[in-house]
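# Observations on chain architecture
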Amino acid sequence: MATSSTWPSLLALILMLGSTLVSGIFFAFSTFIMKALGRVTSEEGMVSMQSINVVVVNPWVFSVFLGTAILSLATMVITLRAENLFGAPWLLLGAALYFFGCFLVTGLLHVPMNESLAEVGPQTAHWEELWRAYQERWTAWNHVRTGASFLAAVAFGVFLLKVPAALPTSGG
């Protein structure tokens, strides 16, 4: 059971793992998935991305992505209200990076872009131009999400390295 001295470390560990998993997903898109979708025909790339946007909404990805966002928001509130919490700036930095740089960027930019792409097809006027513009804008903002979630994981890791061990030491 977590004591009052171990909860920040447990929270930071969970947030570090969630941020790391999410940054890995985004890193894959930034470094090779979007490039691969750009190497096939426009129709194949667009249809593949539309399919990805459907299957990514699953309990595994959703629970890690949203769970980390909820815990990040709670961590910001708790950290701002806590008194004398050693390493609080690192917890606050990690939580803010994940929540604002990853979660909000996704909700405010990527989700609307993905919803718009779902409505595009070869029958749509200028669909190839729309697909190319989507790729460029989506990938640029994905780099932001990748960096924010990775740096959040680093901040949580620094917190864990800086926090004194919460376990009692033995006298023997």
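Described in the following lines is the structure provided in the data block. Only a predicted model underlies this, so the values are computations on that prediction, with no experimental measurement involved.

### Regarding the packing of aromatic side chains
Within the structure shown, the criterion is met by seven aromatic pairs. Note on Phe 65 and Phe 103: the rings are 5.6 Å apart at their centroids and 40° apart in plane angle, and the pair reads as tilted. On the criterion of sequence distance, the pair formed by Phe 65 in helix α3 (residues 59-81) and Phe 103 in helix α4 (residues 88-118) is long-range, its members being 38 residues apart. Taken together, a centroid distance of 5.6 Å and an interplanar angle of 20° make the contact between Trp 131 and Tyr 134 stacked. Taken as a pair, Trp 131 and Tyr 134 lie in helix α5 (residues 127-162) at a separation of three residues, close to a single helical turn. Assessed through its relative accessible area of 6%, Tyr 134 is described here as buried. Every member of this aromatic cluster is reached through a ring pair, and the members are Phe 65, Tyr 98, Phe 99, Phe 100 and Phe 103. Note that Arg 145 overlies the ring of Phe 26, its terminal NZ or CZ placed 3.8 Å from the centroid. Stacked on the ring of Trp 138, the Lys or Arg Arg 145 has its end atom at 5.3 Å from the ring centre.

### Here's the deal with the pattern of salt bridges
Counted according to the given criterion, the structure contains one salt bridge. For Glu 129, the salt bridge goes to Arg 132, with nearest N and O atoms at 4.0 Å. Here Arg 132 and Glu 129 lie together in helix α5, a separation of three residues that amounts to about one turn. A residue is classified by how much of its surface remains accessible, and Glu 129, at 44% relative accessible area, is partly exposed. Arg 132 sits in the partly exposed class, given a relative accessible area of 38%.

### A look at the nonpolar core
Grouped together as the largest cluster of nonpolar side chains are 19 residues, with contacts concentrated most on Val 22, Phe 65, Leu 91, Tyr 98, Cys 102 and Phe 156. Mapped onto this core, the elements with two or more residues apiece are α1 (7-39), α3, α4 and α5. For this core, the element with the highest residue contribution is α4, accounting for six residues. What Cys 102 contacts, discounting residues up to four positions off in sequence, is Val 22, Phe 26, Phe 65, Leu 97, Arg 145, Ala 148 and Ser 149. Membership of the second largest hydrophobic core comes to 14 residues, among which are Val 105, Leu 109, Met 113 and Trp 138.

### Structural notes on the side chain of Ser 30
With respect to the secondary-structure elements, Ser 30 resides in helix α1. What makes Ser 30 buried here is its relative accessible area of 10%. Within polar-contact distance, the side chain of Ser 30 engages the side chain of Asn 142 at 2.7 Å. The contact partners of Ser 30, leaving out residues within four places of it in the chain, are Lys 35, Thr 139, Asn 142, His 143 and Thr 146.

### Thoughts on the packing of α1 against α4
Running from N to C, α1 and α4 cross one another at 35°; their axes reach a closest spacing of 11 Å. Of the two elements, α1 crosses α4, and the hand of that crossing is left-handed. Where α1 abuts α4, its residues Pro 8, Ala 12, Ser 19, Val 22 and Phe 26 lie against Leu 91, Tyr 98, Cys 102 and Thr 106. Class assignment of the residues belonging to the contact of α1 with α4 gives a composition of seven nonpolar, two polar and no charged.

Parameters and conventions
Residues numbered from 1 in each chain as written. Predicted model: local features only at pLDDT ≥ 70, side-chain atom pairs only at ≥ 80, totals over all residues. Heavy atoms only, no water. Phe/Tyr/Trp six-rings, centres within 6.5 Å; stacked < 30°, edge-to-face > 60°. Helix = DSSP H or I, 4+ residues; strand = E, 2+ residues; numbered from the N terminus. Buried < 20%, exposed > 50% of the residue type's maximum accessible area, 1.4 Å probe, protein only. Lys NZ or Arg CZ within 6 Å of the ring centre and 35° of its normal. Salt bridge = Lys/Arg side-chain N within 4 Å of Asp/Glu carboxyl O. Core = buried A, V, L, I, M, F, W, Y, C linked by side-chain atoms within 4.5 Å. Contact = heavy atoms within 4.5 Å. Polar contact = N/O pair within 3.5 Å; in protein donor to acceptor, adjacent residues only side chain to side chain. Axes fitted to C-alpha atoms, helices over the stretch in contact; angles between N-to-C directions. Left-handed = near helix turned anticlockwise from the far one by under 90°. Nonpolar A, V, L, I, M, F, W, Y, C, P; charged D, E, K, R; others polar.

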